[in-house]
Amino acid sequence: VMTKLHHPNIVMLMGVAISKATRRLKVVCELLEYGSLHGIVHGRRWVMSWRMLLRLALDAAKGCVFLHGRNPPVLHCDVKSPNVLVSSDWHGKLGDFGLSNVAKHASKGGRGGTVRVEDASPLWASPEALRAEAQGPASDVFALATVIWECLSRCRPFGRERVATVIMRVTGDGARADEQAFPKL
C-alpha cells in the first residue's frame, strides 16, 4: 500500500529489506526525530500547547483525508496517537500501515475491510472494528476523533482500564473514551 502513497502527512517509505537471520521483511521509512504524538502528549520531554497538539492531530486528519480520497479509498485501520509520528519541523505524519487495506464499499456490492480484533488497538478503535465487522472511512475518523480527544484532555483513552474490559464496554455498552472526566485545567 505504502509504495503509492506520497503525501506530506503520510510517512514516506524509503525501501524494504529481508533479514537474512530471521527471513522477515523490514520496512525502512523516513526518520521522524520527535517520535510519536503519544509520546509528546503523555511524556515529560515537552510541554506542548493545545494549539500545537491540535495542529499535529490536524496533520493526521489531512493524512486520513488523503487516504480516504484515493480511488478506491485506503483505510488505515490503526489510527492512534502512537502511529502519528512527528518530524523535526513539527509536522504530524500517519505511519504504520500494517493493518491498512483498500476499502470495498457496500454500495459496490462488497464488504468494507475487516481487521481481526486481536490486531486492532482497542483504546482508539471504533465499535465496528472491535466487533470485527466491516469498516469504512468512518472507522478511521472515529479513531482520529479519539486522538483529538486525547490531545485536548491529555488523558489516555479509557485511562488504565484493562483491554478486555474496554472491548466489552465499547461493544456491549457503547462506551467511549470521552466519557472520562477531563482533568482540571
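Residues numbered from 1 in each chain as written. Predicted model: local features only at pLDDT ≥ 70, side-chain atom pairs only at ≥ 80, totals over all residues. Heavy atoms only, no water.

Re the overall build of the chain
Each helix and strand in the chain was counted, giving five helices and six strands. When the helices and strands of the chain are read in sequence order from the N terminus, they spell out β-β-α-α-β-β-β-β-α-α-α. The buried share among the 185 residues of the chain stands at 42%. A fraction of 59% describes how many contacts in the chain between residues 6 or more apart in sequence connect residues 24 or more apart. In the form shown here, the chain has an accessible surface area of approximately 10,500 Å², with 57% of it arising from carbon and sulfur atoms. (Helix = DSSP H or I, 4+ residues; strand = E, 2+ residues; numbered from the N terminus. Buried < 20%, exposed > 50% of the residue type's maximum accessible area, 1.4 Å probe, protein only. Contact = heavy atoms within 4.5 Å. Areas by Shrake-Rupley, 256 points an atom, 1.4 Å probe, with all protein chains shown as cover.)

Quick word on the pattern of salt bridges
This model, assessed by the stated rule, comprises four salt bridges. A salt bridge links Lys93 to Glu30, with the shortest nitrogen-to-oxygen separation between them at 3.1 Å. Note that Lys93 is positioned in strand S5 (residues 92-94) and Glu30 in the loop between strand S2 (25-29) and helix H1 (37-42), a separation of 63 residues in sequence. Judged by relative accessible area, which is 17%, Glu30 ranks as buried. (Salt bridge = Lys/Arg side-chain N within 4 Å of Asp/Glu carboxyl O.)

Some words on the packing of aromatic side chains
By convention here, two paired aromatic rings are described through the distance between centres and the angle between planes. In total, this model carries one aromatic pair according to the counting rule given. Ring centres 4.3 Å apart and planes at 35° place the aromatic pair Tyr34 and Trp90 in the tilted group. With Tyr34 in the loop between S2 and H1 and Trp90 in the loop between strand S4 (84-86) and S5, this pair connects stretches of sequence that are 56 residues apart. Trp90 gets classed as buried once you look at its relative accessible area, which sits at 18%. (Phe/Tyr/Trp six-rings, centres within 6.5 Å; stacked < 30°, edge-to-face > 60°.)

Quick look at helix H2 (residues 50-68)
With 19 residues, H2 should reach 27 Å at 1.5 Å per residue; the first-to-last C-alpha distance of 26 Å fits that figure. Buried within H2 we find Leu53, Leu56, Ala57, Asp59, Ala60, Ala61, Gly63, Cys64, Phe66, Leu67 and His68. Those residues of H2 that are buried are in contact with H1, strand S3 (74-75), S4, S5 and helix H4 (137-153). (Expected span 1.5 Å × (residues − 1).)

Comments concerning the confidence of the model for the chain
Model confidence for the chain is summarised by a mean pLDDT of 83, while 84% of its residues fall at 70 or above. Note that residues 104-111 has pLDDT below 50 and, in this model, ten contacts with residues that lie over four places away or in other chains. Taken as a whole, residues 181-185 scores under 50 in pLDDT and shows seven contacts with residues more than four places along the chain or in a different chain. (pLDDT = per-residue confidence, 0-100.)

Notes on a nonpolar patch on the surface
A grouping of Val16, Ile18, Leu25 and Val27 is seen on the molecular surface, where their side chains present a nonpolar patch of about 420 Å² in accessible area. Looking at the nonpolar patch, the elements with two or more residues in it are strand S1 (13-18) and S2. (Patch = residues over 30% accessible without salt bridge, like charges linked within 9 Å, V, L, I, M, F, W, Y side chains within 5 Å.)

Looking at the pairing of S1
Counting buried positions over the six residues of S1 gives zero, only a small fraction of the element. Pairing geometry for S1 and S2, over five bridges, is antiparallel. Bridge pairing in S2 places Leu13 opposite Cys29. Counting the residues between successive antiparallel strands, the hairpin from S1 to S2 contains six residues, one of them, Arg23, with a positive phi of roughly 60°. (Pairing = 2+ DSSP bridges.)

A short note on the nonpolar core
Here is a general trend for soluble globular proteins: nonpolar side chains tend to be buried in one another's company. Ile10, Leu37, Leu53, Leu67, Val79 and Leu94 are the most contacted members of the largest nonpolar core, which has 26 residues in total. Taken together, the elements giving at least two residues each to this core come down to H1, H2, S4 and H4. Among the elements that make up this core, the one with the highest residue count is H2 (eight residues). Residues contacting Ile10, with those up to four places away along its chain left out, are Leu5, Glu30, Gly63, Phe66, Leu67, Lys93, Leu94 and Phe97. The next biggest cluster of nonpolar side chains, apart from the first, holds ten residues, and it includes Ala129, Leu130, Ala175 and Ala177. (Core = buried A, V, L, I, M, F, W, Y, C linked by side-chain atoms within 4.5 Å.)

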